[in-house]
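Per-entry structural report
Each chain, letter by letter, is given below.
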Amino acid sequence: MARILICDPVDDAALKAIRDGGHEVVEKTGMSPEELLETAPQFDALVVRSATKVRKPVLEKAARGNLKLIVRGGVGLDNIDTDVAAGLGITVNNTPAASSVAVAELAMAQMLACSRFLGPANLTMKNGEWNKKSYGKGKELFGSTLGLIGFGRISCEVARMARGFGMKVIFFDPYIDDAEDAQKVDLDTLLGNSDFISLHIPHNKDTHYLLDSAQFGMMKDGVVIVNCARGGTVNEAALLAALDSGKVFAAGVDVFEEEPPGDSPLVKHQKVVVTPHIGAGTAAAKKRVGTEVARKINSFFE
Ligand code: NAD
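Every chain is numbered on its own, with residues counted from 1 as its sequence reads. Local features in a predicted model are, by the rule used here, given only for residues with pLDDT of at least 70; side-chain atom pairs are given and counted only at 80 or more, and totals for whole chains, interfaces and linings are based on all residues. Side-chain calculation: all heavy atoms of the structure are included, whereas hydrogens and water are not.

1. Concerning the site of the ligand
Heads up, the condition is: To be near a molecule or strand, a residue needs just one of its heavy atoms within 4 Å of it. N or O atoms within 3.5 Å of each other form a polar contact, as long as, within protein, one can give a hydrogen and the other can take it, and as long as residues adjacent in sequence are counted only when both atoms are side-chain atoms. Each accessible area is a Shrake-Rupley result for a 1.4 Å probe, and residues are judged covered by the shown protein chains and nothing else. Charged residues are taken to be Asp, Glu, Lys and Arg, nonpolar residues to be Ala, Val, Leu, Ile, Met, Phe, Trp, Tyr, Cys and Pro, and polar residues to be all remaining types, Gly included.
Every one of the 25 residues lining the ligand counts as a neighbour, but R153, I154, D173, I201 and D254 are closest to it. Separating an oxygen atom of the ligand from a backbone N or O atom of I201 is a distance of 2.8 Å. A distance of 3.4 Å separates an oxygen atom of the ligand from a polar atom in the backbone of A280. In isolation the ligand has 870 Å² of accessible area, and contact with the protein removes 87% of it. For the shell around the ligand, a count of residues per class yields 14 nonpolar, seven polar and four charged.

Structure below.
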C-alpha cells in the first residue's frame, strides 16, 4: 500500500479508484510551500494540478523521505522542477491527452467570440445599451484561413473542429512532418496568410515571445489571435500595440505572462476576450484527467 497526497482538487471517482487500488489517500489542498515541504516526505506519491508548485527544496527533502512519484493532472509540467526530480530518481507523470478536446473547444469559442464581439456585446447590453451598429460588423470563420502554431494534440483537435466550420487549416511546427488534412508551412508564410492564428505550443526558451512586434508586422490586417497555450509565447505589449493600431481585429486570451494578470491593460482592452486559464475546465475533461491520474498511480505501484 502506498500513501498518496492529493495536493490539488481531483475528481472524486479518481480518489475512489486509487483507494480501490489498495492505497491510502490523503487530501490536503491549498497547502503553503512550507506545509508542502513538511508534508511531502511522508508520502509515496503526490498528485498535483497547476496550483501546487513542486520546486527543488520540496523535491530534495521528499526524496530523502518516501517520495517516488508525482502525477500532474494536466499537460504542462512548468509547476514541477522536472530536471531536479529526474536527478533524484522521482518519476514525474502527466495526463497529456485528457484535456485536449476541452482546450480545443475553448480556442474555437474564443475565435467565435472575437469574430462576433460576444464579450463587449454581452457587457454593453447588460448595461442597457442596444449597440447593433458597432457589433453588427463581424467576421465569419467560414472560408477563412486558420494558422495553427504547434500541431500537437490540442492543435489537431482544433484543426478537426475548424474544418467543420469550413476553414482552411495551415500549421507551423518544425517537429511535425506533413499532415494529411492540414498544410505545413513556415512561420512567415503562416503569419502572412492567416485570418485567424491560434497558438498551441509549450512555453520555453525557443517559444518565448514567438509572436512579437516583428511577427505582428508580418500578419494580415484584421487578423484574430487566440492564445489558449501558455503565457509568454506572445509578447503582451506587442499584442496591445497591434490591437491599438488595428492590425489585430481582436484577441482571445486564456493564458497570461503573469497569472493572475492583475491590473493588466490587455485584460481591460475592448477588443480582447479574456478567460482565467480555464482551457481544461470542463466536467468531462476533469473526469478524464482523474481517471488517467488514478490509472497512473495504480499501475506505478502495482
Ligand atoms: P503537444 O506537446 O501535443 O503539442 C505541442 C506542439 O508544439 C508539438 O507538436 C511541438 O512539436 C510543437 N512545438 C514545440 N516547439 C515549437 C516551436 N518552437 N514552434 C512551433 N511548434 C512547436 O501539447 P498539447 O497537449 O497540444 O498542448 C499545447 C499547449 O497547450 C501546451 O503549452 C499546454 O501547456 C497548453 N495547455 C493549455 C491549457 C489551458 O488551460 N489553456 C490546458 C492544457 C494545455
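2. Let's talk about the environment of I90
Test applied: Strands here are runs of E lasting at least two residues and helices are runs of H or I lasting at least four, both read from the DSSP assignment and numbered beginning at the N terminus. Think of it in three bands: with a 1.4 Å probe and only protein chains considered, a residue is buried below 20% of the maximum accessible area for its type, exposed above 50%, and partly exposed in between.
Relative to the assigned elements, I90 resides in the loop between α4 (82-87) and β5 (91-94). Residue I90 is classed as buried on the basis of its relative accessible area of 5%. For the pair I90 and D44, spaced 46 residues apart in sequence, the C-alpha to C-alpha distance is 9.9 Å.

3. A look at the sheet that holds strand β4 (residues 69-72)
Applied cut-off: Strand pairing is assigned whenever DSSP identifies at least 2 bridges connecting the two strands. In this analysis, axes come from line fits to C-alpha atoms, helices being fitted only over the stretch in contact, and the angle between any two N-to-C directions falls in the range 0 to 180 degrees. We call two residues in contact when some of their heavy atoms are within 4.5 Å.
One open sheet holds the five strands; their spatial order is β2-β1-β3-β4-β5, and the pairing between them is parallel. Single-partner strands in this sheet number two, and they are β2 (24-27) and β5. Neighbour-to-neighbour, the strand axes of the sheet open up by a mean angle of 20°, direction not taken into account. With four bridges connecting them, strand β3 (residues 45-48) and β4 associate as parallel partners. Directly across from A45, in β4, lies its bridge partner L69. Here helix α13 (residues 283-300) sits on the sheet in contact with β1 (3-6), β3, β4 and β5, set at roughly 165° to β4.

4. Details of the state of the cysteines
Condition: Throughout, disulfides are identified as pairs of cysteine sulfur atoms within 2.5 Å of each other.
Across all of its chains, the model carries zero disulfides by this definition. For C228, which is in no disulfide, the shortest distance to another cysteine sulfur is to C114 and amounts to 9.4 Å. Residue classification places C228 among the buried positions, given a relative accessible area of 7%.

5. Re the nonpolar core
Which entries qualify depends on this criterion: Nonpolar core, defined: a set of buried Ala, Val, Leu, Ile, Met, Phe, Trp, Tyr and Cys residues in which side-chain atoms within 4.5 Å join the residues together.
Within the largest apolar cluster, 29 residues are counted, with the highest numbers of intra-cluster contacts made by I149, I197, L211, F216, I225 and L239. Elements that contribute at least two residues to this core include exactly β7 (168-172), α9 (187-193), β9 (196-199), β10 (223-227), α11 (236-245) and β11 (248-253). A per-element tally of this core places α11 first, with five residues. Ignoring anything within four residues of it in the chain, the contact list for I197 reads G147, I149, L190, L191, L211, M219, V223, V224, I225 and V226.

6. Some words on the pattern of salt bridges
Put simply, the test is: We count a salt bridge whenever a side-chain nitrogen from Lys or Arg sits within 4 Å of a carboxyl oxygen from Asp or Glu.
Overall, the coordinates contain 15 salt bridges when judged by the stated rule. Between E38 and K61 there is a salt bridge, with its nearest N and O atoms 3.0 Å apart. Linking E38 in helix α2 (residues 33-39) with K61 in helix α3 (residues 56-64), this pair joins segments that are 23 residues apart in sequence. The partly exposed category is assigned to E38, whose relative accessible area is 47%. What makes K61 partly exposed here is its relative accessible area of 28%. With a shortest N-O distance of 2.8 Å, R295 and E292 are connected by a salt bridge. Linking R295 with E292, this pair stays in helix α13, spanning three residues, or about one helical turn. Put simply, E292, R295 and K296 are held in one network by salt bridges that share partners.

7. Structural notes on helix α1 (residues 12-20)
Applied cut-off: The arc in question is traced by the directions running from the helix axis to the C-beta atoms.
For α1, the set of buried residues is A14, L15 and I18. Around the axis of α1, the buried residues are gathered within 100° of arc, so they sit on the same side. In α1, those exposed residues whose orientation departs by more than 90 degrees from the buried face are D12, K16 and D20. The inward-facing, buried residues of α1 abut β1, β2 and α13. In the segment just after α1, G22 is the residue with positive phi, at about 95°.

8. Brief notes about the packing of helix α5 (residues 100-115) against helix α8 (residues 153-164)
Our working definition: Should an angle lie under 35 degrees it is considered roughly parallel, over 145 roughly antiparallel, and from 65 to 115 roughly perpendicular; all remaining angles are considered oblique. Each crossing gets its hand from how the near helix is turned against the far one by less than a right angle, where anticlockwise is left-handed and clockwise is right-handed.
Relative orientation of the contacting elements α5 and α8 amounts to 50°, with a least axis distance of 8 Å. Classified by the angle between their axes, α5 and α8 sit oblique to one another. Along this stretch, α5 crosses α8, giving a crossing that reads as right-handed. On the side of α5, the interface is formed by S100, V101, V103, A104, E105, A107, M108 and M111, while α8 contributes R153, I154, E157, V158, M161 and A162. For the contact of α5 with α8, the residue count by class is ten nonpolar, one polar and three charged.

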